[in-house]
Amino acid sequence: MAALVAAALALAPPLGLAQPAPSAANLPRLGDAAADELSPAMERRIGEQIVRDMHRERVIADDPEITDWLNDFAERLASTTTAAGHSLELFLVRDGTLNAFALPGGFIGVHSGLIVAAQSESELASVVAHEIGHVTQRHIARMLARDRQTSVVMLASLVLAALAASSNPQAAMGVASLGSTIARQQMLGFSRDAEREADRIGLDMLIEGGYDANGMVGFLGRLQQAGRLYENGAPDYLRTHPVTSERMADIQNRLRDTRYRQRPDSTEFLLVQARLRALADGSVDALARAAATFERQLRNRTVNEAAGWFGLATVRNAQRDPDGARAALAEVRSRIGPHPFVERLAAQIELDAGLPGRARAIAEAALAQQPSNRALIRVRAQALLAAGRHRDAADALGKAVEIHRGDATLWRLLAEAWSGAGDPARAHRASAEHFALLGGLPAAIEQLRRARQAGTLDFYTGSQVDARLRELQQEYLREREERERQ
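First, a word on what this report is: a plain description of the structure on this page.

So, how was this worked out
Residues numbered from 1 in each chain as written. Predicted model: local features only at pLDDT ≥ 70, side-chain atom pairs only at ≥ 80, totals over all residues. Heavy atoms only, no water. Helix = DSSP H or I, 4+ residues; strand = E, 2+ residues; numbered from the N terminus. Buried < 20%, exposed > 50% of the residue type's maximum accessible area, 1.4 Å probe, protein only. Areas by Shrake-Rupley, 256 points an atom, 1.4 Å probe, with all protein chains shown as cover. Phe/Tyr/Trp six-rings, centres within 6.5 Å; stacked < 30°, edge-to-face > 60°. Lys NZ or Arg CZ within 6 Å of the ring centre and 35° of its normal. Pairing = 2+ DSSP bridges. Axes fitted to C-alpha atoms, helices over the stretch in contact; angles between N-to-C directions. Contact = heavy atoms within 4.5 Å.

Per the secondary structure count, the chain includes 23 helices and three strands. With 486 residues in all, the chain has 53% of them scored as buried. Accessible area of the chain: about 21,200 Å², with a carbon and sulfur share of 48%.

Structural data, given as structure tokens:
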């Protein structure tokens, strides 16, 4: 099934519902219905609006470590000939269901359940490459161009389903069904062609990127078997990307003359899998079961040892057992040495144990090797704030947001730091960026006005605030005009 429908079905249930869900009027206008294709700029704007809504409602996991790993992972695929030049942004949806989906503008969501279920890194790469194929071939733009009004309904249903699911899952699925029903009635033939095309593009990316292209066959084959066994409970990915015998045959024919290439899983992939398994359920009983599972696998040697100990360290820290977490992490270090994932967890263990000085020292040592690592930057800032060193935190975070301007959490931490340092004007300014990134333009504008009213900004900073205020006011007026024209 085409990527847009996949997105509409993939997003329930999100983690929370803080504000009323948006309507179709909140989405940018698609433009002249006579146009042959949606422009890349408009497609990107639609995707950005959807992603902002998803961030605000906590559908997207605020996990910089796994998010940055996903984007680094996809970069190897995106740098191949077939995908070069396309802008991609991957994000994590913390959901145990097996799914992935593409949104307008090159945004791709990956469920945590998919990462955990992948039996190899090449299997995960096959799914991501398939979704990149939808992006590179502009399947979504071509679908939107086919019926502009229907497409607006589909896009609205996607967002509504994501935001309504936590309060009323049945209602959310009803909204999602609206978009999928329209798609099946009007775009089914195109969707089948799009799936085959995305498979072809994905296979080319896998081969050129150095992955085992047979991972796609293995993954889809298991899904196909699951569909036969569980007709009413098949994985979401199978419902939105149906695996037909023709599709499988086409993939196998393309691989017939391809040389088999075995690719070992990376350390990062194994550690990410272990962390997601460890934190799949934060309840006391679930953590106890996870710990027992990792311990059994380590005894039986049925798990990569570094990953098994890393998963156990993650569980022990979630259980508020710092000694157990430290001991498990020492086992990881003895096998793979220092690693950014390991050092981030080490710092988090000390921070959660009420030892911010130790946490900061570990994070700063790791940042000396990886100065732009967002996860390490965050834990260092949190350690500084916990120690009451607000000005030091503000200075460090001020440099960090210059590199990672799109990280809303860094802006929130910067606002907290400036507030603790006794500088409300700069705190309001940082809060404005936090709200703007989450799509809350009225709140962002109000924060900038408060920054101006504080009267403590120097001329240069005040001029920056004025310029940003005008920019956000213009953006808000433009969005309001677009909504009125719908």
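The subject of this paragraph is the packing of aromatic side chains. Taken as a whole and judged by the stated rule, the model has four aromatic pairs. Judged by centre distance (5.9 Å) and plane angle (70°), the rings of Phe73 and Tyr211 are edge-to-face. With a gap of 138 residues between them, Phe73 in helix H3 (residues 64-78) and Tyr211 in the loop between helix H8 (169-208) and helix H9 (214-229) connect regions that are remote in the sequence. Aromatic side chains Phe91 and Phe101 sit 5.9 Å apart centroid to centroid with 65° between the ring planes, which places their arrangement in the edge-to-face category. One end of the pair, Phe91, is in strand E1 (residues 89-93); the other, Phe101, is in strand E2 (residues 100-102), with 10 residues separating them in the sequence. The same class applies to Phe91 as to Phe101, namely buried. Above the face of the Tyr211 ring, Arg76 is positioned so that its terminal group lies 5.7 Å from the ring centre.

As summarised here, the arrangement of the three strands in space is E1-E3-E2, forming an open sheet in which the pairing is mixed. Two strands in the sheet have a free side with no partner beyond their single neighbour: E1 and E2. Adjacent strand axes in the sheet meet at a mean angle of 20°, parallel and antiparallel pairs treated alike. When E1 meets strand E3 (residues 107-111), the two strands line up parallel, connected through five bridges. Each residue of the ladder has a partner; that of Leu92, found in E3, is Val110. This element, helix H2 (residues 40-56), spans E1, E2 and E3 of the sheet and lies at about 35° to E3.

Further remarks concern the side chain of Arg275. In this fold, Arg275 is placed in helix H12 (residues 267-278). By relative accessible area, Arg275 is classed as buried at 9%. Contact partners of Arg275, with chain neighbours within four places excluded, come to Asp63, Glu65, Ile66, Phe310, Thr314 and Arg344.

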